[in-house]
Amino acid sequence: MLKIHGVPRSRAFRCIWAAEESGLPYEVVPLGFAPGFKLERPLAINPNNKIPALEDGDLVLFESLAINLHIASKAGAPLMPAGNDASRVMQWSLWTGTEVEAHVMRWGYNTYLKPEAERVASEAAAGKEALDLRLAVLESVLADRPFLLGKDFTVADLNLACVLYAPWANKYDLAPFPKVKAWLDTCLTRPAALRARKQREG
Ligand SMILES: N[C@@H](CCC(=O)N[C@@H](CS)C(=O)NCC(=O)O)C(=O)O
């Protein structure tokens with residue numbers, strides 16, 4: 001049984017979605033926030049003192065996207081394909097973590113996450129400018145295929161779409177990127193995504 005430590009209204013949502021896609025049995029071990037975004041109790045399971053963390057037997061993992069790669073590897077194809085496509089999955093997952101997420105957060109903190117008085121418009125604009133550059137790359141890649149690797153949805157799509165879920169759900173202007181918008185709509189309305197979103201959105 002996979003144990004996902006966290007709450008659906010955190011990055012644990014990503015791992016819940018991956019677990020739902022995998023069909024593997026899992027449970028969510030609730031571990032959330034107190035006011036001020038501090039964790040309710042020290043998280044012995046994650047040296048970073050953050051959520052999510054995964055327990056799978058003897059294995060304990062942190063980093064949501066790595067957890068998703070592990071879950072997908074257990075499930076196998078098509079979620080985690082073999083051979084060169086496995087390397088392509090790694091490429092897109094690392095691209096998500098290194099090229100995309102920080103800009104999503106910079107935009108998000110300064111548009112809807114922080115209290116209004118603490119938001120800095122120029123920070124939001126800088127985040128959006130950087131994210132738009134990455135979305136333009138994605139738009140070109142999705143020009144000739146429905147999913148990142150081709151015809152099948154894989155954990156590469158999941159890892160990128162779960163990071164772009166926040167902009168998608170919070171009125172980011174995707175009009176200049178119609179292929180990205182259509183791809184996100186498809187990914188985020190998959191039955192497994194809807195089951196995960198139900199836990200998060202209520
Ligand atoms: N890169 C990590 C980030 C984890 C992270 O920042 N989690 C947030 C919740 S979404 C957290 O635990 N924040 C509490 C804190 O920073 O004290 C991952 O993707 O798992």
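Refer to the preceding data block for the structure.
Quick caveat, the model's predicted, so the values are computed rather than measured. Each chain carries its own residue numbering, running from 1 in the written order of its sequence. It should be noted that, the model being predicted, local features are given only for residues of pLDDT at least 70 and side-chain atom pairs only at 80 or more, the latter also being counted only at that level, while totals for whole chains, interfaces and linings use all residues. The side-chain values count all of the structure's non-hydrogen atoms but skip hydrogen atoms and water molecules.

(A) A look at the state of the cysteines. Throughout, disulfides are identified as pairs of cysteine sulfur atoms within 2.5 Å of each other. On inspection of all chains with the given rule, the structure shows 0 disulfides. In this structure Cys162 is not part of a disulfide, and its nearest cysteine sulfur, from Cys15, lies 7.7 Å away. Unpaired in terms of disulfides, Cys187 finds its nearest cysteine sulfur in Cys162, a separation of 10 Å.

(B) Representation of the sheet that holds strand 5 (residues 53–56). Read from one edge of the open sheet, 4 strands run 2-1-5-6, paired in mixed fashion. The outermost strands of the open sheet, each flanked by one partner alone, are strand 2 (26–30) and strand 6 (59–62). Adjacent strand axes in the sheet meet at a mean angle of 20 degrees, parallel and antiparallel pairs treated alike. The pairing of strand 1 (residues 2–6) with strand 5 spans 3 bridges and is classified as antiparallel. Each residue of the ladder has a partner; that of Lys3, found in strand 5, is Glu55. Here helix 2 (residues 64–75) sits on the sheet and contacts strand 1, strand 5 and strand 6; the angle it forms with strand 6, its principal contact strand, is near 135 degrees. In this analysis, strands are considered paired if DSSP registers two or more bridges between them. Helix and strand labels come from DSSP, where a helix needs a run of H or I of at least four residues and a strand needs a run of E of at least two; each type is numbered from the N terminus. Note on geometry: axes are C-alpha line fits, over the in-contact stretch for helices, and angles between N-to-C directions span 0 to 180 degrees. Residue contacts are counted whenever heavy atoms from the two residues lie within 4.5 Å of one another.

(C) Broad picture of the pairing of strand 6. In terms of strand pairing, strand 5 meets strand 6 through 4 bridges, oriented antiparallel. Bridge pairing in strand 6 places Ala53 opposite Phe62. Hairpin connection from strand 5 to strand 6: 2 residues lie between these consecutive antiparallel strands, with Gly57 at a positive phi of about 65 degrees.

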